[in-house]
Amino acid sequence: MLWIWVCCLALAAAFPEEPASTPEGGESMEELEAKARIFLEEINAQGSVECTQATMANWKYASDITENHRKEKAAAQIKYAAWEKESWQKVNKWKGKWQKMSDPSIKRQFKFLSILGTAALPKMELEKYNNLITEMGTIYSTAKICDYKKKDSCKLNLEPELTRILRTSRDYSELEHVWKMWRSASGRRMRGHYQQFVKLANKAAKLNDFENMGEMWIYPYESDTFRSDLQHLFMQLKPLYEQLHAYVRRKLREYYGEEHVSKRGPIPAHLMGNMWAQSWAEIYDLVIPYPGKTSVDVTPQMVQQGYNARRMFELSEEFFTSLNLTRMPDEFWQNSIIEKPQGRELVCHASAWDFCNGKDFRIKQCTDITMRDLITVHHEMGHIQYYLQYKHLPLVFQHGANPGFHEAVGDVLALSVATPKHLHKVGLLDHVEEDYEVDINFLMNMALDKITFLPFGYLMDLWRWDVFSGRVPFSGWNCLWWRLRYELQGIKPPVMRSEYDFDPGAKYHIGANVPYIRYFVSFVVQFQFHKALCMKAGEYDPQNASKPLHKCDIYQSTEAGNALGDMLQMGSSKEWPDAMEALTGVREMDASAIREYFSPLEMWLKEDNEKHGEFIGWETDEKFCSSEGVSGGATEGMSEEATSEPTSAALCCTPASLLLLLLVALLSRIC
């Protein structure tokens, strides 16, 4: 995901002192701005070199987890942090000068460059901070559990084995085993690490004049009302989510029985086809409104037609070029890892990488031949397209207008890719049925991915903001997690949890220290982008019932592609409302486009739930988490390797640069 390109950001540059680049008293503002431009150009040039070196070390570790690569990465982290601190001191020589300049680009560059990030930590504490993130990443990436049916087989990884089991199994006990043991092998083992990490992260934030790391993460959104804006967006979307939740709960109750799924309570988290219940698309077969109609999951057709990872990526590239956007450079195909290599450990979580030199861009993904991974391919390729579009800008502006914009680009295209009309065009569907029931099936499939994600995307950082702020003590972290999951998602754990567990750590982005609210923002703005692009492509007309938003396919529309490209080329050189307005004509985030897209399904859900007398919402007296006692079997079902202590290894990106990204533009995938 997007976090990788953080290493491209240069806070400052290590270069020889140049009298011409130092502000002098008595100069005219015009002369001072001319010197400032030279200074910033030097930062850009040296920053590119430093960033490329740091990113290369990160890539080597993330793609091949070895002790030698860990050492190389650790050394690169310290070198990069030292360079950042030295350069930041040079940037500070302009303090009091740049604020008075008239050139908005110069002022914006200095604004971003004047924040140091985690390099502000003393060297020993920075090394400890780096090592903590490294070890949490290693715990997650190398965690293994034992097979439910073959107890002596204890080499099951998250990707692909556990993901496939959760996607295909309908055995309640097997799903519970996988859900529970993954959390024992991953999250529980990093609980102590995360406590130490929070203390150091908050210290770094305070050294940058923020109250805590949560406040530092919000800074790139450049809004004083960001949190209240998010709450408003969630409340806009809550009625649709509650209708979908009630419908899915009934379908699961019919399949698993009322002893497992109640009529009015939350849904057990392990039944949703996904390790974190963030997407429910994999249980579409259990909840399909009209069985027997044309399926929108073209995984069987992909397998039958001999699709491989390369063909999936080429299909995605062809969509971008059909919009008059940029083709992938040769280095992309030469250096990317798009299939899981044999014989080595790697960070399998899909991610896009920018090597800061304007020509080397890569994706690392353990691709499976499924429609879901085809959508993920488009998501990651969207990051690469953003990199390509803004590579002409100064390095400090080579980021999305806000972090959510970067996540949204590939997903915007995926909204077209998933339509039956587009799948027919590319030969993955034999024909398109113009049928109301087919439409409802299609929208249900989309909602199981898009709508179900929204509360999860919102709560991930609500939890971390409360942790960073100290509002909830360490002794209440895991129970806070389950309170949020119950209140916002209507989800419960299949087994009792305790404060000896650390279930947030079972999600990649927690241990890897990747902010998550960007994905919630992305899921909102991508529908705003989609609506605007569909109108430009002539594929959507709010006054024409034959051209609804959910049937739009912008494939081959150069008008839509040119409009998208114009916004992408802005990078973060302007505040995000300017970029939003350039494409959509409005300056605010608004969830009404999502409600409009799913309006036929929402009407259908209301009628169906009313017909079956379904309770909308959830309630329970059940207790899910306790601060007393330990949930059973800390190592039961875990492989011997998973129960051993982790060795120090490196994370996938320089932490100092990672947090800097969060400040100036803010990678995940993978959900």
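These numbers come from a predicted model, not from an experiment.

Chemist: Can you walk me through the overall build of the chain in this structure?
Modeler: When its secondary structure is counted, the chain shows 26 helices and six strands. Counting only residues that meet the buried cut, the chain has 63% of its 671 residues in that class.

Chemist: Could you clarify how one ought to interpret helix 3 (residues 104-113) in this entry?
Modeler: Side chains three or four residues apart in an α-helix point the same way, a direct result of the helix having 3.6 residues per turn. Buried residues of helix 3: Ile 106, Arg 108, Gln 109, Phe 110, Phe 112 and Leu 113, and no others. Capping the start of helix 3 is the job of one residue whose side-chain oxygen sits 2.9 Å from the backbone nitrogen of Ser 105: Asp 103.

Chemist: Sorry if this is basic, but what is going on with helix 5 (residues 158-168) here?
Modeler: When helix 5 is considered as a whole, its buried residues turn out to be Leu 158, Leu 162, Ile 165 and Leu 166. Down the axis of helix 5, the smallest arc covering the buried residues is 95°, so these residues share one side. Next to the buried residues of helix 5 lie helix 4 (123-142) and helix 6 (172-185).

Chemist: Got a minute to help me understand the nonpolar core in this structure?
Modeler: One broad trend across soluble globular proteins is that nonpolar side chains are buried collectively. One finds Tyr 194, Phe 197, Val 248, Leu 252, Trp 280, Trp 463 and Phe 598 to be the most contacted residues of the largest nonpolar core, which totals 206 residues. Top contributing element to this core by residue count: helix 17 (residues 436-469), with 18 residues. Setting aside anything within four residues of it in sequence, one finds Trp 280 in contact with Tyr 241, His 245, Val 248, Ile 267, Met 272, Leu 448, Thr 452 and Ile 491.

Chemist: Any chance you could explain empty space enclosed by the protein here in plain terms?
Modeler: To locate leftover empty space, one rolls a probe as large as a water molecule over the atoms. Here the second largest cavity is characterised by a volume of approximately 60 Å³. Together, Leu 315, Glu 318, Phe 319, Leu 374, His 378, Val 417, His 422, Leu 423, Val 426, Leu 428 and Tyr 555 line the second largest cavity. The element contributing the most residues to the lining of the second largest cavity is helix 12 (residues 309-322), with three residues. Among the residues forming the lining of the second largest cavity, the class breakdown is eight nonpolar, two polar and one charged.

Chemist: Before we go on, may I ask you to explain the state of the cysteines in this structure?
Modeler: One way to say it: the disulfide is the covalent bond shared by the sulfur atoms of two cysteines. Scanning all chains against the criterion turns up five disulfides. Each sulfur of the disulfide joining Cys 348 and Cys 366 lies 1.8 Å from the other. The sign of the -100° torsion about the S-S bond sets the Cys 348-Cys 366 disulfide as left-handed. Residue Cys 348 is located in the loop between helix 13 (330-335) and strand 2 (351-354), and its partner Cys 366 is located in the loop between strand 3 (361-364) and helix 14 (371-390); the two are separated by 18 residues in the primary sequence. Judged by its relative accessible area of 13%, Cys 366 is buried. A disulfide bridge connects Cys 479 with Cys 625, and the sulfur atoms are separated by 2.2 Å. Across the S-S bond linking Cys 479 and Cys 625, the dihedral sits near -80°, which makes this disulfide left-handed. Linking Cys 479 in helix 18 (residues 477-489) with Cys 625 in strand 6 (residues 625-626), this pair joins segments that are 146 residues apart in sequence.

Chemist: How should the pairing of strand 2 be read in this particular structure?
Modeler: The side chains of a regular strand alternate, first on one face of the sheet and then on the other. Going residue by residue along strand 2, you find Ser 351 and Trp 353 tucked away on one face and Ala 352 and Asp 354 tucked away on the opposite face as well. Bridge count between strand 2 and strand 3: four bridges; the pairing is antiparallel. By the bridge assignment for strand 3, Trp 353 is matched with Arg 362. Joining the antiparallel neighbours strand 2 and strand 3 is a turn of six residues, in which Cys 356 adopts a positive phi near 70°.

Chemist: Would you mind showing me how to read the side chain of Asp 503 here?
Modeler: With respect to the secondary-structure elements, Asp 503 resides in the loop between strand 5 (497-498) and helix 19 (508-511). In terms of polar contacts, Asp 503 uses its side chain to reach the side chain of Arg 497, at 2.8 Å. The contacts of Asp 503, once residues within four sequence positions are left out, are Arg 183, Asn 478, Trp 481, Trp 482 and Arg 497.

Chemist: Honestly, the packing of aromatic side chains in this entry has me stumped. Any pointers?
Modeler: Two aromatic rings are characterised by how far apart their centres lie and by the angle between their planes. Within the structure shown, the criterion is met by 50 aromatic pairs. Ring centres of Tyr 140 and Trp 182 lie 5.3 Å apart, and the angle between their planes is 85°; this geometry places the pair in the edge-to-face category. Here Trp 182 lies in helix 6 and Tyr 140 lies in helix 4, a separation of 42 residues in the sequence. Judged by its relative accessible area of 9%, Tyr 140 falls in the buried class. Among the residues examined, Trp 182 registers a relative accessible area of 0% and is labelled buried. With centroids separated by 5.9 Å and ring planes inclined at 65°, the aromatic side chains of Tyr 172 and Tyr 256 adopt a geometry described as edge-to-face. Placement of the pair is Tyr 172 in helix 6 and Tyr 256 in helix 9 (residues 226-256), with a sequence separation of 84 residues. The exposure classification of Tyr 172 matches that of Tyr 256, with both residues buried.

Chemist: In this structure, what is going on with the pattern of salt bridges? I would like to understand it.
Modeler: A pair can form between side chains of opposite charge whenever their charged atoms are brought close. All chains considered together, the criterion is met by 41 salt bridges. Glu 254 is the salt-bridge partner of Arg 250, the closest N and O atoms lying 2.8 Å from each other. Residue Arg 250 and its partner Glu 254 are located together in helix 9, separated by four residues, close to a single helical turn. By relative accessible area, Arg 250 is classed as buried at 6%. On the basis of relative accessibility, which here comes to 51%, the residue Glu 254 falls in the exposed class. Ionic pairing is found between Arg 253 and Glu 614, a salt bridge with its closest N-O pair at 2.8 Å.

Chemist: Mind showing me how you'd approach the packing of helix 20 (residues 517-536) against helix 22 (residues 576-584) here?
Modeler: A packed helix pair is summarised by two numbers, namely the angle formed by the two axes and the spacing between the axes. The N-to-C vectors of helix 20 and helix 22 enclose an angle of 30°; their axes lie 9 Å apart at closest approach. Classed by the angle they form, the pair helix 20 and helix 22 counts as roughly parallel. Contact residues: helix 20 offers Val 525, Gln 528, Phe 529, Ala 532, Leu 533 and Lys 536, while helix 22 offers Met 580, Leu 583 and Thr 584. Its residues assigned to classes, the contact of helix 20 with helix 22 shows six nonpolar, two polar and one charged.

Chemist: Sorry, what's going on with the confidence of the model for the chain here?
Modeler: Low-pLDDT stretches of the model should not have their predicted coordinates read in fine detail. Of the residues in the chain, 90% have a pLDDT of 70 or more, and the chain-wide mean is 88. Of the regions scoring below 50 in pLDDT, residues 1-23 engages in 134 contacts with residues more than four places distant in sequence or in other chains. Confidence drops under a pLDDT of 50 for residues 630-671, and excluding neighbours within four residues, the segment shows 190 contacts in the predicted structure.

Chemist: Would you take a moment to explain the environment of Gly 505 for this structure?
Modeler: Along the polypeptide, Gly 505 turns up in the loop between strand 5 and helix 19. Since its relative accessible area comes to 0%, Gly 505 is described here as buried. For the pair Gly 505 and Gly 187, spaced 318 residues apart in sequence, the C-alpha to C-alpha distance is 3.9 Å. Leave out the neighbours within four places in its chain, and Gly 505 touches Tyr 140, Ser 186, Gly 187, Met 190 and Ile 510.

Chemist: Hey, could you run me through unusual backbone geometry in this one?
Modeler: A negative phi holds for most residues other than glycine; trans holds for most peptide bonds. The peptide bond linking Glu 159 to Pro 160 adopts the cis configuration, its omega dihedral lying at 5°. As for its placement among the helices and strands, Pro 160 is situated in helix 5. Phi is positive for Glu 222, close to 50°, though the residue is something other than glycine. For Glu 222, the position within the fold is in the loop between helix 8 (213-218) and helix 9. Residue class for Glu 222 comes out partly exposed when judged on its relative accessible area of 22%. The phi torsion at Ala 277 lies on the positive side, around 55°, for a residue other than glycine. Note on placement: Ala 277 falls in the loop between strand 1 (267-268) and helix 10 (284-287). The class for Ala 277 is buried, based on a relative accessible area of 0%.

Definitions and cut-offs
Residues numbered from 1 in each chain as written. Predicted model: local features only at pLDDT ≥ 70, side-chain atom pairs only at ≥ 80, totals over all residues. Heavy atoms only, no water. Helix = DSSP H or I, 4+ residues; strand = E, 2+ residues; numbered from the N terminus. Buried < 20%, exposed > 50% of the residue type's maximum accessible area, 1.4 Å probe, protein only. Polar contact = N/O pair within 3.5 Å; in protein donor to acceptor, adjacent residues only side chain to side chain. Arc of directions from axis to C-beta. Contact = heavy atoms within 4.5 Å. Core = buried A, V, L, I, M, F, W, Y, C linked by side-chain atoms within 4.5 Å. 1 Å grid on protein atoms, 1.4 Å probe; cavity = no way out; pocket = protein on both sides within 12 Å on 5 of 7 lines; lining within 4 Å. Points joined across faces, edges and corners; volume = space filled by probe spheres on them. Nonpolar A, V, L, I, M, F, W, Y, C, P; charged D, E, K, R; others polar. Disulfide = S-S within 2.5 Å. Pairing = 2+ DSSP bridges. Phe/Tyr/Trp six-rings, centres within 6.5 Å; stacked < 30°, edge-to-face > 60°. Salt bridge = Lys/Arg side-chain N within 4 Å of Asp/Glu carboxyl O. Axes fitted to C-alpha atoms, helices over the stretch in contact; angles between N-to-C directions. Parallel < 35°, antiparallel > 145°, perpendicular 65-115°, else oblique. pLDDT = per-residue confidence, 0-100.

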